[in-house]
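# Tertiary structure, described
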Amino acid sequence: MNPSPFSEKIMPLKGEITVPGDKSISHRSVMFGSLSKGKTFITGFLDGADCRSTIAAFQKMGIAIEKDQNHVIVYGKGLEGLSQPSSALDMGNSGTTTRLISGILAGQSFTSHLTGDASIQKRPMGRIIDPLTQMGANISSDCGNQCAPLTIRPATLHGIHYQSPVASAQVKSCVLLAGLYAEGETTVTEPAISRDHTERMLRSFGADIQSNAMEKSARIIGHPTLIGQSIQVPSDISSAAYFLAAGLITPNSEILLHNVNTNPTRAGILKVIQDMGGSIKYENQHIVSGEEVSDLIVRTSSLTGCTIEGDLIPTLIDEIPMIAVLAAFAQGTTYIRDAKELRVKESDRIQSITENLLAMGADITATEDGMIIRGGKPLHGASIQTHLDHRIAMAFTIAGLACDGAISLDHPDCVDISYPNFYEQVQSLIQE
Ligand code: S3P
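Conventions adopted
Residues numbered from 1 in each chain as written. Predicted model: local features only at pLDDT ≥ 70, side-chain atom pairs only at ≥ 80, totals over all residues. Heavy atoms only, no water. Near = heavy atom within 4 Å. Polar contact = N/O pair within 3.5 Å; in protein donor to acceptor, adjacent residues only side chain to side chain. Helix = DSSP H or I, 4+ residues; strand = E, 2+ residues; numbered from the N terminus. Nonpolar A, V, L, I, M, F, W, Y, C, P; charged D, E, K, R; others polar. Pairing = 2+ DSSP bridges. Axes fitted to C-alpha atoms, helices over the stretch in contact; angles between N-to-C directions. Disulfide = S-S within 2.5 Å. Buried < 20%, exposed > 50% of the residue type's maximum accessible area, 1.4 Å probe, protein only. Contact = heavy atoms within 4.5 Å. Core = buried A, V, L, I, M, F, W, Y, C linked by side-chain atoms within 4.5 Å. Phe/Tyr/Trp six-rings, centres within 6.5 Å; stacked < 30°, edge-to-face > 60°. Salt bridge = Lys/Arg side-chain N within 4 Å of Asp/Glu carboxyl O. Lys, Arg positive; Asp, Glu negative; His and termini not counted. Arc of directions from axis to C-beta.

Taken together, the residues surrounding the ligand are Lys23, Ser24, Arg28, Thr96, Ser168, Ala169, Gln170, Arg195, Ile317, Asp318 and Lys345. Between the ligand and Arg28, the relevant distance is 2.7 Å, taken from an oxygen atom to a side-chain nitrogen or oxygen of the residue. Per element, the largest residue contribution to the shell around the ligand is three residues, and it comes from helix α1 (residues 23–34). Looking at the shell around the ligand, its residues break down into two nonpolar, four polar and five charged.

Attention shifts here to the sheet that holds strand β4 (residues 64–67). Reading across from one edge, β4-β5-β3-β14 is the order of the four strands in this open sheet, with mixed pairing throughout. Two strands close off the open sheet at either side, each with one partner strand: β4 and β14 (230–232). Taken over all neighbouring pairs, the strand axes of this sheet differ in orientation by 15° on average, direction set aside. Where strand β3 (residues 37–43) meets β14, three bridges bridge the pair, whose relative direction is parallel. By the bridge assignment, Ile42 is partnered in β14 with Ile231.

Here we take up the state of the cysteines. One pass over the structure, following the stated rule, counts zero disulfides. Free of any disulfide, Cys403 has its nearest cysteine sulfur in Cys414, 18 Å distant. Judged by its relative accessible area of 2%, Cys403 is buried. With no disulfide of its own, Cys414 lies closest to Cys51 among cysteine sulfurs, the gap being 16 Å. Note on Cys414: relative accessible area 9%, which makes it buried.

The subject of this paragraph is the sheet that holds strand β11 (residues 185–189). An order of β10-β11-β13-β12 is seen for the four strands of this open sheet, with the pairing classed as mixed. Of all strands in the sheet, those with a lone pairing partner are β10 (161–163) and β12 (209–212), marking the two edges. Averaged over all pairs of adjacent strands, the angle between their axes in this sheet comes to 15°, without regard to strand direction. Pairing geometry for β10 and β11, over three bridges, is parallel. Pairing of Tyr162 across the sheet is with Val188, part of β11. Sheet strands in contact with helix α5 (residues 169–179) are β10, β11, β12 and β13 (217–221), and its direction is about 175° off that of β11.

So, on to the nonpolar core. If you look at the biggest cluster of nonpolar residues, it comprises 77 residues, and the most contacted ones within it are Phe243, Ile320, Met371 and Phe422. Phe422 has contacts with Tyr242, Phe243, Met394, Thr397, Ile398 and Val415, leaving out every residue within four places of it along the chain.

Before going further, it helps to spend a moment on helix α11 (residues 390–402). α11 sits mainly inside the fold: 13 of its 13 residues count as buried. Backbone nitrogen of Arg391 and a side-chain oxygen of the N-cap are separated by 3.0 Å at the start of α11; the cap is Asp389.

If you walk through the whole model with that rule in mind, you get seven aromatic pairs. Plain terms: the ring middles of Phe32 and Phe205 are 6.2 Å apart, the flat faces sit at 90° to each other, and that makes the pair edge-to-face. With a gap of 173 residues between them, Phe32 in helix α1 and Phe205 in the loop between α6 (197–204) and β12 connect regions that are remote in the sequence. Comparing Phe32 with Phe205 shows no difference in burial state: the two are buried. Look at Phe422 and Tyr423: their rings are 5.3 Å apart centre to centre, the planes differ by 70°, and that puts the pair in the edge-to-face class. As far as burial versus exposure is concerned, Phe422 and Tyr423 are alike and both buried. The structure contains a cluster of three or more aromatic residues connected by ring pairs, namely Phe6, Tyr242, Phe243, Tyr419, Phe422 and Tyr423.

On to the pattern of salt bridges, then. Evaluation of the coordinates by the stated rule reveals 24 salt bridges. For Arg52, the salt bridge is made with Asp47, and the minimal N-O distance between the two is 3.2 Å. Asp389 is the salt-bridge partner of Arg349, the closest N and O atoms lying 2.8 Å from each other. With Arg349 in helix α10 (residues 349–359) and Asp389 in the loop between β22 (383–384) and α11, the pair connects residues that are 40 residues apart, well separated along the chain. Note on Arg349: relative accessible area 0%, which makes it buried. Residue Asp389 is classed as buried on the basis of its relative accessible area, which comes to 0%. By sharing partners, the salt bridges in this structure join Arg195, Asp318, Glu346, Arg349 and Asp389 into a single network.

This part is about the side chain of Arg123. Mapped onto the fold, Arg123 is located in the loop between β7 (112–115) and α4 (126–134). Glu346 provides the closest opposite charge to the buried, unpaired Arg123, separated from it by 4.0 Å. In contact with Arg123, other than residues within four places in its own chain, are Asn93, Gly95, Arg99, Gln146, Cys147, Val344, Lys345 and Glu346.

This brings us to helix α12 (residues 422–429). Listed in full, the buried residues belonging to α12 are Phe422, Tyr423, Gln425, Val426 and Leu429. Buried residues of α12, seen end-on, are gathered within an arc of 160° and therefore sit on one face of the element. Residues of α12 that are buried sit in contact with β2 (14–17), α7 (237–249), β15 (254–261), α11 and β23 (408–409).

Right, let's get into the side chain of Asn263. One can find Asn263 in the loop between β15 and α8 (268–275). Overall, the relative accessible area of 0% leaves Asn263 in the buried class. Side chain to side chain, Asn263 and Asp196 meet in a polar contact 2.8 Å long. With residues up to four places along the chain from it excluded, the contact list for Asn263 reads Asp196, His197, Arg200, Glu291 and Glu292.

Below you can see the structure in the form of structure tokens.
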């Protein structure tokens, strides 16, 4: 166990920060840049381990990608420009890389192998194997368990209309990316709308792609010519979530977060904060690279429990560890339902949230598809089991700032997946 680097005393948090770039948008900017003709110039790229896995995979397929402190430049070679990697592509811990790249690789004229860390090798890939197979792809799970390692062989793809059983942007994006290589039209319909960065960004690169919000579907026409773009990656609302929560639950606090992506398919946490009675202000709202962006100001607030379910879930799926902690600090009961997807994230998050909140003294019951949190119990420090899940490490670090005593983490470094300078940014706000 690593003791918390922060004081045991509860201190106010004050100041302003810009959290790192959006992970979903960073992945896509490198992928789509690689499949485009010409140069894609990316600012605000998230230099976390997951996005480095995406860069390394495309470099291994012959794409020149330069990275310095502030920029990434991708020298794309067009849809048919990838070359066969000399060995297996390593996805690390990244579900987004694995699922999106599989859609791209399904349309290549070479065989590829995908592998990843222990967590990736347990995450469900049947959800992409099924639709890709329906499109004519030749993709299989090496161990026959519908998980990575995967082998993808050359095949001719055709468009399909896929009714996805899960609201997952990774599944939707995988099928749409295979649709780039398919004859005709490929459509994906979801039970609820998931994040739409693929649709927005592919359109800006020149793809013929349309969303239909009423039908909860997206449609793409095969074989476009994609052209390199300049992309400004806004700050990730999933990373901002830790500081939104910290500002709300830590006494005498006020935090300004710059340039946060507030795309409505991602911004469910802002609605939840309002429903719980949290003080949040929007300033300087504008559009950056086709995405809504705002500065956000939060202040310490008395929170009340609420119900989070249905179509709202995909818009805050990665924020649920932090929201569960907020609910434990709120008065009254919070119900989280329809969130079974949490069981197949970097860890089983229903389990990892519940076990750690119980260790801190919270009153929480896990359900099959969510949690019931009876808030307002006094919370105390505890040894937190991260399960190597970055979002568990960060959500409980924030809980540790506002509870009695300090928390310790078994693997604090796992935050490098999505937020390498997390602890430094926390420290910069603490008013000693
Ligand atoms: C992501 C989609 C989400 C999210 C993940 C990133 C993406 O997964 O949990 O962190 O970039 O498309 P699902 O869409 O599978 O729920």
